[in-house]
Amino acid sequence: ARALKFVTTYRTEHFWVFFLLPAAGLVIVFLYQKLGQDDGGTNQVLSTIRSQDDVPFHSAPLIFISTILTHFAGGSAGREGAALQLGGSIGNGLGKLFRFDEKDKHIMIMCGMSAAFSALFGTPMAAAVFSMEVVSVGVMYYAALVPCVISSLVAHAVAEFFGVSQEMFLIPAFKITSAVKISVLAILCAGVSIIFCVMLHQSEHLYKKFFKNPYVRIFAGGCFVLILTLLVGNQNYNGTGINIIEQCIDGTV
C-alpha cells in the first residue's frame, strides 16, 4: 500500500513519467517471459482452487513488481486483482511448504487471498467472505470460513501495527429512500459491469488476433492508453481510480 501510494504521488507530481507506460509494459512482459510465468492473472489463482493447477511461488514478487510498475507509469489498474494474486500465491506456497493435501492447500490459498485483501483495504470480514465467494459465484466454501476470518483479522491487525492506512469513507445515515436508490444503482452498475467484462474479453481476443507478439501487443496497448489520457486532458482515470471514488463520495464529480 505504501509503495503504491508513493509511486502514484510521484507520477501525479511528475507528468513526464506517464510517457513511460509503453516501456513499463515491455519490462513487465519481459519479466514474465524470462521467468516462464504464464500471465494467467487472477483467473489462474481461482482455477488453482477449483482444480489441481498450481501457482508458482515466484509469481508473488513478480505480481508485486508488475503492479508497482503499472501504477508508476499510469496504467489503469485496480489493486484487487493484485491482492488476490499475491495472497493466493503466498498461500499456495505455504500449503506446499507444510505438505498440505489438496483440500487444505486450497483453503490456504483462500486464506492468503483474504489476508492480502484485508491488509490492503482494511475490511477483514468482507475480505473473508469475498475470498470464499469469488472462487465460484453462488457457492460458499464454508470449510474455509474460520481460517479465512482468522487470517483476515490477523492481517488487518498487522497492517494497523505497521501504520498502513486503508481507505476510509464516511457513509451517510441509513434511510429507506437511500437504500432504494442504492439498490437501483447497484442493478445499473451490475449491468455496466457485464458490458465492461464482455468488452474486455472481446478486446483481448482482438489484440491477440492483430498483435500476436506479446511485446508488440503490450506496447500498442500502452500507446492506446497514453493517447486516450492525452485526449481526456487529465489522469483521473489512471492508476487505482480511488480518486474517482473519493469524488463520488464527496459529491464533487
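Residues numbered from 1 in each chain as written. Predicted model: local features only at pLDDT ≥ 70, side-chain atom pairs only at ≥ 80, totals over all residues. Heavy atoms only, no water.

Turning next to the side chain of Ser66. With respect to the secondary-structure elements, Ser66 resides in helix α4 (residues 59–72). Owing to a relative accessible area of 7%, Ser66 belongs among the buried residues under this scheme. (Helix = DSSP H or I, 4+ residues; strand = E, 2+ residues; numbered from the N terminus. Buried < 20%, exposed > 50% of the residue type's maximum accessible area, 1.4 Å probe, protein only.)

For the rest of this paragraph, the subject is the confidence of the model for the protein chain. Predicted coordinates in areas of low pLDDT are best not read in detail. Taken over all residues, the pLDDT of the protein chain has a mean of 81, while the share at 70 or more is 85%. Confidence, expressed as mean pLDDT per element, reaches its minimum in the protein chain at helix α3 (residues 41–50) with 60 and its maximum at helix α8 (residues 145–161) with 90. (pLDDT = per-residue confidence, 0-100.)

Our next topic: the packing of aromatic side chains. Each aromatic ring pair is specified by the distance between its two centres and by the angle formed by the two planes. Summed over all chains, the structure comprises ten aromatic pairs. Each ring, one from Phe15 and one from Phe19, has its centre 5.6 Å from the other, and the planes form 85 degrees; the classification is edge-to-face. Measuring from ring centre to ring centre gives 5.9 Å for Tyr207 and Phe211, while their planes differ by 35 degrees; the resulting arrangement is tilted. A residue is classified by how much of its surface remains accessible, and Tyr207, at 25% relative accessible area, is partly exposed. Overall, Phe211 belongs to the partly exposed group, its relative accessible area being 30%. An aromatic cluster of at least three residues, connected via ring pairs, comprises Phe6, Tyr10 and Phe72. (Phe/Tyr/Trp six-rings, centres within 6.5 Å; stacked < 30°, edge-to-face > 60°.)

Attention shifts here to unusual backbone geometry. Positioned with a positive phi, Arg99 is a non-glycine residue whose angle comes to about 55 degrees. Looking at where Arg99 falls in the secondary structure, it is placed in the loop between α5 (80–97) and α6 (102–121). When its relative accessible area of 76% is taken as the criterion, Arg99 is described as exposed.

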